[in-house]
2 protein chains.
Amino acid sequence: MEGVDHLAYERNKANFDVDDMKIVWAGSRHAFDVSDRMARLVASDPAFRKDNRVMLSRKELFKNTLRKAAHAWKRIIELRLSEEEARKLRFFVDEPAFTDLHWGMFVPAIKGQGTEEQQQKWLPLAYKMQIIGCYAQTELGHGSNVQGLETTATFDPETDEFVIHSPTLTSSKWWPGGLGKVSTHAVVYARLITDGQEHGVHGFIVQLRSLDDHMPLPGITVGDIGMKFGSGAYNTMDNGVLRFDHVRIPRNQMLMRVMQVTREGKCVQSNVPRQLIYGTMVYVRQTIVSDASSALSRAVCIATRYSAVRRQFGSQEGGVETQVIDYKTQQSRLFPLLASAYAFRFVGEWLKWLYMDVTQRLQANDFSTLPEAHACTAGLKSLTTSATADAIEECRKLCGGHGYLSSSGLPELFAVYVPACTYEGDNVVLLLQVARFLMKTVSQLGSGKKPVGTTAYMARAEDLLQCHCSVQKAEDWLKPSVLLEVFEARAVRMCVARAQSLSKFPNPEEGFAELSADLVEAAIAHCQLIVVSKFIEKLQQDIPGKGVKQQLQNLCNIYALNLLHKHLGDFLSTGCITPKQSSLANDQLRSLYSQVRPNAIALVDAFNYTDHYLGSVLGRYDGNVYPKLYEEAWKDPLNDSIVPDGYHEYVRPLLKQQHRNARL
Amino acid sequence: MEGVDHLAYERNKANFDVDDMKIVWAGSRHAFDVSDRMARLVASDPAFRKDNRVMLSRKELFKNTLRKAAHAWKRIIELRLSEEEARKLRFFVDEPAFTDLHWGMFVPAIKGQGTEEQQQKWLPLAYKMQIIGCYAQTELGHGSNVQGLETTATFDPETDEFVIHSPTLTSSKWWPGGLGKVSTHAVVYARLITDGQEHGVHGFIVQLRSLDDHMPLPGITVGDIGMKFGSGAYNTMDNGVLRFDHVRIPRNQMLMRVMQVTREGKCVQSNVPRQLIYGTMVYVRQTIVSDASSALSRAVCIATRYSAVRRQFGSQEGGVETQVIDYKTQQSRLFPLLASAYAFRFVGEWLKWLYMDVTQRLQANDFSTLPEAHACTAGLKSLTTSATADAIEECRKLCGGHGYLSSSGLPELFAVYVPACTYEGDNVVLLLQVARFLMKTVSQLGSGKKPVGTTAYMARAEDLLQCHCSVQKAEDWLKPSVLLEVFEARAVRMCVARAQSLSKFPNPEEGFAELSADLVEAAIAHCQLIVVSKFIEKLQQDIPGKGVKQQLQNLCNIYALNLLHKHLGDFLSTGCITPKQSSLANDQLRSLYSQVRPNAIALVDAFNYTDHYLGSVLGRYDGNVYPKLYEEAWKDPLNDSIVPDGYHEYVRPLLKQQHRNARL
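Residues numbered from 1 in each chain as written. Chains lettered and ligands numbered in written order. Predicted model: local features only at pLDDT ≥ 70, side-chain atom pairs only at ≥ 80, totals over all residues. Heavy atoms only, no water.

With that settled, the discussion passes to the overall build of chain A. In terms of helices and strands, chain A carries 23 helices and 11 strands. Counting over 664 residues, chain A shows a buried share of 61%. Contacts in chain A between residues far apart in sequence, at least 24 positions, make up 74% of those at least 6 positions apart. About 24,800 Å² of surface is accessible on chain A, with carbon and sulfur atoms providing 51% of the total. (Helix = DSSP H or I, 4+ residues; strand = E, 2+ residues; numbered from the N terminus. Buried < 20%, exposed > 50% of the residue type's maximum accessible area, 1.4 Å probe, protein only. Contact = heavy atoms within 4.5 Å. Areas by Shrake-Rupley, 256 points an atom, 1.4 Å probe, with all protein chains shown as cover.)

Set out below in structure tokens:
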């Protein structure tokens, strides 16, 4: 980073050691080192430039991504990077590509659902990228409801093959990334039919394209589904459409870890528990939560730095104007998002632990915590991705007009992030699953079955239904026990009230449908409690570094009190707090904002993002925004010529009045 | 619209006459006729095709817009369209272009701020498009704070000229639409300096480009500021950057309706009141509110139709799945947006009346209602644009994964709409202006000065601070008087509470800064009340047509009760309602959703949008979504070849293992 640091005076204000905070953010010194090394590697390699992305046509953009993916793979091999390093490198390349699905879905699907034999056959090919795979589940007419998929896989005992077929238009596979133009293979989900009987949806390894000339194999129609949101964003990805016309594959290409089809066409359950699949779900959703904190922190970093650079109003007699970060309106929108970035980071870290815990239990055939873990990850996936999508757009607005420029990085960040609200489970559908689990938990209270994990607090329902918040002055809101109790009380009271309303319906399913919007709110209350409580737990650990813990405490309090303010109706209507106490919480929030203000720049520096990764003129580390914005503008293709293409045909005739009989 | 109507069974369900509703939506039969005629004219002219927009490069896109603008102008002249018709035609062309600024800002600026003489000279040229103008106010470093603009206009008495100059980088004009590549002239805002003295910011007509060869005139540097959000969206517009190096213009090109500079360089106020400028602001913001209802209704139309087409879950034994519009979670997100579209339509209609009223009063030198009218339009601009931006994105999410496809129309609609939250006054800055006005109004209560217009209810503050909501059963919430009272009570109580908090600060400005986030909330409460009350007023009029009024009543109640639910904290903390009453409001909402459900498709049909204007495969009138989505996909340039460009260079080498020493 050359030249003057225009934000040095901001960095000097911080009351804590930013290098120590970087370790906390990364999770460990090792994680920091890997991340830092990979980020620099990518940033310093001109092959990974991305600032020209928005100006490329779809074809150029896509070819450019293929080039980067090949280059990344070359570097991974040349430098003999570990799996962890390779993943980080791809992360910092920061461009959706077929490799995401190959490594993130195709390989894990074979690992999770393939037999030992299948793994031995397919994984080495995939690891060396001798084949490239994708994950073909979603269909044109079927997303959330996996059981509604229409593609069929019919066993033909004569040839010992499955016949994969797309019986309708809506059964066309639609959306899978990497499918459209690149993948040679796919894990295809289809309804298994043997001997005229249906046996549910299963995964099948299907070769799509020739390994010689990349042409689709007979019976396969495959292509790209067209442009998506944003100018760069996911348009670097070949989300695809795929149709099968009676395509035959050998029987051993059905993924048979859980259920096998024998030579005779019989279905035989293996002794591997079906629940294993939930373990994979916990894993995938944990990575989504972790990605949420990355995307959110990136947007917050841009908005925070630019809020310190930008000045507007408040000049006295022609002096410099006020930095917009000094306005309470700006702080009250920005700092809760900064706090959320940290909150999501820590809850994501905890989910890693949860995944390990679940995995160990599954290996010991202990399924007792699985429903709770599943509900918890579903809820956190929903909560963090919705909040992050909204937050990125809020950060864009917090940058004023310039946030609308592609060079701010925020439009593309939004466009590339928002699908997270839909993929791997639509956020509302997931919350309904959480609600269903919560209603079940409530109904079992008092039955002797103890709620576990993140629902353990429900065992104290009786107390929580009656407790009174003890806050008498603003600072009382800083006590972790107070915060925890009001969030627990709110969640329990909302759940119990919903359960009571449900019990009035003669048909429980009808009741659930009728009250679903209210049930979603109860699920949100529960999930917010999880995030708050995991943040508080984090603070109970030893956190070294000058001033670091104090900053995190401030952020934790901001996270919780801002939620309380946003969902005040919940807290008041359930009688968890009084209007007076809510007003004290507001006073406390304002005071917390003032404490964060001098530390704001250092708190986003702690994310340790390179300018390459941020990809934002507004978020530059050195704060040298305006000269660079000015410089960037001239790179637009429209500025290639002074008189624009089209002037002679379309503008000059207007000015020269070819049409003289205007009535206007 | 050819072929089968897949939504016919939905249309048959409606309990009202959709043709009558179309008139209500349009505002009058005349307005409907004009709108309908222009919409069809555009839709049937292949020159106005827009479905290929997202695939064009920036240069192609821009040239294409120039072509359309020229064609539109040609049609306007050939058909001898009236001003109203021409405006509607441009509206349905639905593509941001330099003409928006020429007609929407340049011409009105000269009309509003130019002397009779100046108008006579410049307007005929502009009307015939012999010159093309833009509006150059915003600078690279200066947006909201117009008084902070840095561009100077220094009077040189020797030559009787102004010298326009950009003294710093941040003084570069930045953002004006139409500036970058097309405009020949601009109204430039600059600090007037005569005889070494500053005299505030004024407008100057400056020629930018030669009328012969379109080259920038000496001393002028001008270009496009680069790509913006979205792939089409505002990238059809040449938002520009402009720098002046001591550019000289004749003295009579300062817009002098309000203040004149004499031959000697003296500043002389004319007898035209400065307040006239606020009249223009009221006008511009009224058009923004009207645009909000258009954008919102368009998104809602797409999401509603596709929610009736899309099915997911709920099939019994392999039967058809449930239409997603039947889910309460979908209804509780979608129907309040449908209600908002109608609410914003009616408040926009009322603002047209307000503008006329203000204009007439100004002509009679009556300025008494101006501050209230100004605050009211500022607040409504903020409220409706923020809500609309959020709603478009919500509609996109309500369409599930397919909403992310460009062919859904929603990504581009979002990208093209969101700047409305920032231009013509940042939404938060505007709400602070409203709050300032409200605090002043509260402080004058009891002083004998009666609050006027939309603040008239504050005269009843004493009652409203004490009243108790009378609701005892769910249906009580359907009474307009009940709704009005709780919204009035909430707004007054929030304003009065803020005023009391403010009074505790020794320095009022410091208090205002410290409490600004809370003040914004009070302003929002006031603005929401305006929308609710104007909807209720609309329903007190005679509205003909079978069942039409009943539908509007349902929507009005949904609009109000949904706000009550969303802002429950406000209503409960101020004691306007009880938790029990809020729960009854929720029950009533659910029942209203059920009443809207069979009418939903007809209620969006009433917007009378052509498929061309909607620009969405998901929102097609005939509901024939999936075959058309499938068809659209193949048009993507990536599908031009089966094996993608880049395969041989970047994919094949991976598959053929050029790099053999992988550690993975």
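Next comes the rest of the write-up.
Attention now goes to the relation of the copies chain B and chain A. Mapping chain B onto chain A calls for a rotation angle of 180° and an axial translation of 0.0 Å; the resulting RMSD is 0.0 Å. Between the two chains, the operation in question is that of a two-fold axis. The overlap is high: 100% of the interface residues of chain B also sit at the interface in chain A, so the same surface is used on both sides. (Least-squares fit on C-alpha atoms with pLDDT ≥ 70 in both.)

In the numbering used here, UniProt assigns the "domain: Acyl-CoA oxidase C-terminal" (unreviewed entry) feature to residues 480-656 of chain A. Secondary structure across residues 480-656 of chain A divides into 72% helix and 0% strand, with the first and last C-alpha atoms of the span separated by 73 Å. (UniProt positions renumbered as here; feature names shortened; annotations may be inferred.)

So, on to the pairing of strand 7 (residues 220-224) of chain B. All names here are of chain B. Burial of strand 7 is extensive: four of the five residues sit out of reach of the surface. Here strand 7 runs beside strand 8 (residues 240-244); their pairing, made up of five bridges, is antiparallel. Paired with threonine 221 across the strands is arginine 243, a residue of strand 8. (Pairing = 2+ DSSP bridges.)

Another aspect to go through is the sheet that holds strand 8 of chain B. All names here are of chain B. Judged by pairing direction, the sheet is antiparallel, and its three strands sit side by side in the order 4-8-7 without closing on themselves. The two strands at the open ends of the sheet, each matched to only one other strand, are strand 4 (173-174) and strand 7. Where strand 4 lies against strand 8, two bridges are found, and the strand directions are antiparallel. Its bridge partner being in strand 8, lysine 173 is matched across the sheet by leucine 242.

Quick look at the nonpolar core now. Generally speaking, a soluble globular protein has its nonpolar side chains buried in company with each other. Counting 385 residues, the largest nonpolar core has A:Tyr342, A:Trp477, A:Leu552, B:Tyr342, B:Trp477 and B:Leu552 as the members making the most contacts within it. Discounting residues that sit within four places of it in the chain, A:Leu552 has contacts with A:Met21, A:Val24, A:Tyr342, A:Phe346, A:Phe535, A:Leu539 and A:Ile543. (Core = buried A, V, L, I, M, F, W, Y, C linked by side-chain atoms within 4.5 Å.)

All right, on to the packing of aromatic side chains then. For any pair of aromatic rings, the description rests on two quantities: the centre-to-centre distance and the angle between the ring planes. Here the structure, examined in full by the defined rule, presents 56 aromatic pairs over all chains. Note on A:Tyr135 and A:Tyr189: the rings are 5.0 Å apart at their centroids and 55° apart in plane angle, and the pair reads as tilted. A residue pair is termed long-range when its members are at least 10 positions apart, and A:Tyr135 in strand 1 (residues 133-136) and A:Tyr189 in strand 5 (residues 185-194) qualify at 54 residues. Judged by its relative accessible area of 6%, A:Tyr189 is buried. Clustering of aromatic rings is evident, with ring pairs tying together A:Trp175, A:Phe229, A:Tyr234, A:Tyr404, A:Phe414, B:Trp175, B:Phe229, B:Tyr234, B:Tyr404 and B:Phe414. When the ring centre of A:Phe91 is taken as origin, the NZ or CZ atom of A:Lys88, which lies over that ring, is 4.9 Å away. A cation sits over an aromatic face here: A:Arg298 above A:Tyr613, 4.3 Å from the ring centre. (Phe/Tyr/Trp six-rings, centres within 6.5 Å; stacked < 30°, edge-to-face > 60°. Lys NZ or Arg CZ within 6 Å of the ring centre and 35° of its normal.)

A few words now on the environment of B:Lys50. If you trace the backbone, B:Lys50 turns up in the loop between helix 3 (29-43) and helix 4 (58-78). For B:Lys50, the contacting residues outside a window of four places in its chain are B:Lys68, B:Asp94, B:Arg298, B:His612, B:Tyr613 and B:Gly615.

All right, on to unusual backbone geometry then. Glycine aside, residues mostly have negative phi, and peptide bonds are mostly found in the trans state. We note that A:Met129 has phi near 55°; this positive angle belongs to a residue other than glycine. Structurally, A:Met129 can be placed in the loop between helix 7 (116-127) and strand 1. For B:Asn608, which is not glycine, the phi torsion reads 60° and is therefore positive. Examined against the element boundaries, B:Asn608 turns out to sit in the loop between helix 20 (600-605) and helix 21 (611-614). Residue class for B:Asn608 comes out buried when judged on its relative accessible area of 18%.

Residue and element names in this part refer to chain A. What the domain assignment reports for chain A is domain 1 (107-272) and domain 2 (277-605). Taken over C-alpha atoms, the centre of domain 1 sits 37 Å from the centre of domain 2. Between domain 1 and domain 2, the contact holds seven residues from the first and nine residues from the second. Counting the surface lost from both domain 1 and domain 2, the interface buries some 720 Å², and carbon and sulfur atoms represent 68% of this. Of all residues in domain 1, the largest losses of buried area upon contact with domain 2 belong to Phe229, Ala233 and Tyr234, amounting jointly to 54% of the total for that side. Applying the counting rule to domain 1 against domain 2 returns zero salt bridges. (Domains from an automatic or database assignment. Buried area = accessible area lost by both parts, 1.4 Å probe. Salt bridge = Lys/Arg side-chain N within 4 Å of Asp/Glu carboxyl O.)

Our next topic: the side chain of B:Gln323. Residues and elements named next belong to chain B. For glutamine 323, the location among the structural elements is in the loop between helix 8 (276-309) and helix 9 (328-363). According to the relative accessible area criterion, glutamine 323 is buried, its value standing at 8%. In contact with glutamine 323, other than residues within four places in its own chain, are Tyr9, Glu10, Ser307, Ala308, Arg310, Arg311 and Arg597.

On to the interface of chain B and chain A, then. Each partner contributes to the interface: chain B provides 136 residues, whereas chain A provides 137 residues. Note on chain B versus chain A: buried area summed over both sides is about 12,400 Å², and carbon and sulfur give 65% of it. Inspection of the chain B/chain A interface yields 16 salt bridges. Ionic pairing is found between A:Lys63 and B:Asp645, a salt bridge with its closest N-O pair at 3.7 Å. On inspection of chain B and its partner chain A, the count reaches 47 residue pairs in polar contact (both at pLDDT 80 or more). At 11 residues, helix 4 of chain B tops the list of elements feeding residues into the side of chain B that touches chain A. A class-by-class count of the residues in the side of chain B that touches chain A yields 67 nonpolar, 36 polar and 33 charged. (Polar contact = N/O pair within 3.5 Å; in protein donor to acceptor, adjacent residues only side chain to side chain. Nonpolar A, V, L, I, M, F, W, Y, C, P; charged D, E, K, R; others polar.)

Attention shifts here to the sheet that holds strand 4 (residues 173-174) of chain A. Two orientations exist for strands paired in a sheet by backbone hydrogen bonds: parallel and antiparallel. With antiparallel pairing, the three strands of this open sheet are ordered in space as 4-8-7 (chain A). The strands lining the two open edges of the sheet, one partner per strand, are strand 4 and strand 7 (220-224) of chain A.

What follows covers the pattern of salt bridges. Close approach of charged atoms lets side chains of opposite charge pair. A full pass over the atoms with the stated rule returns 96 salt bridges over all chains. Residue A:Lys479 is joined to A:Asp476 by a salt bridge in which the shortest nitrogen-to-oxygen separation is 3.6 Å. Owing to a relative accessible area of 41%, A:Lys479 belongs among the partly exposed residues under this scheme. A relative accessible area of 7% places A:Asp476 in the buried class. Because the salt bridges share partners, they merge into one network encompassing A:Lys328, A:Asp587, A:Arg590, B:Glu514 and B:Asp518.

The next point concerns the state of the cysteines. Residue and element names in this part refer to chain B. Counted under the stated rule, the structure contains zero disulfides over all chains. Cysteine 527 takes part in no disulfide bond, and the closest cysteine sulfur to it belongs to cysteine 376, at a distance of 7.5 Å. Judged by its relative accessible area of 1%, cysteine 527 falls in the buried class. (Disulfide = S-S within 2.5 Å.)

UniProt records the feature "domain: Acyl-CoA oxidase/dehydrogenase middle" (unreviewed entry) at residues 134-236 of chain A, using the numbering of this structure. Annotated as residues 134-236 of chain A, this span is 0% helix and 40% strand, and its ends, taken at the C-alpha atoms, are 15 Å apart.

Another point: a nonpolar patch on the surface. A grouping of A:Ile277, A:Tyr278 and A:Met281 is seen on the molecular surface, where their side chains present a nonpolar patch of about 230 Å² in accessible area. Structurally, A:Met281 can be placed in helix 8 (residues 276-309). (Patch = residues over 30% accessible without salt bridge, like charges linked within 9 Å, V, L, I, M, F, W, Y side chains within 5 Å.)

So, on to the pairing of strand 5 (residues 185-194) of chain B. Residue and element names in this part refer to chain B. Where burial is concerned, most of strand 5 is hidden: nine out of the 10 residues are buried. With four bridges joining them, strand 1 (residues 133-136) and strand 5 adopt parallel strand pairing. Paired with glycine 133 across the strands is histidine 185, a residue of strand 5. In this structure, strand 2 (residues 152-156) lies alongside strand 5, joined through three bridges in parallel fashion. In the strand pairing of strand 5, threonine 154 is matched with isoleucine 193. Direction of pairing for strand 5 relative to strand 6 (residues 197-207): antiparallel, over a ladder of nine bridges. Each residue of the ladder has a partner; that of arginine 191, found in strand 6, is valine 201. Hairpin remark: strand 5 followed by strand 6, antiparallel, with two residues in the connecting loop; positive phi at aspartate 195, about 55°.

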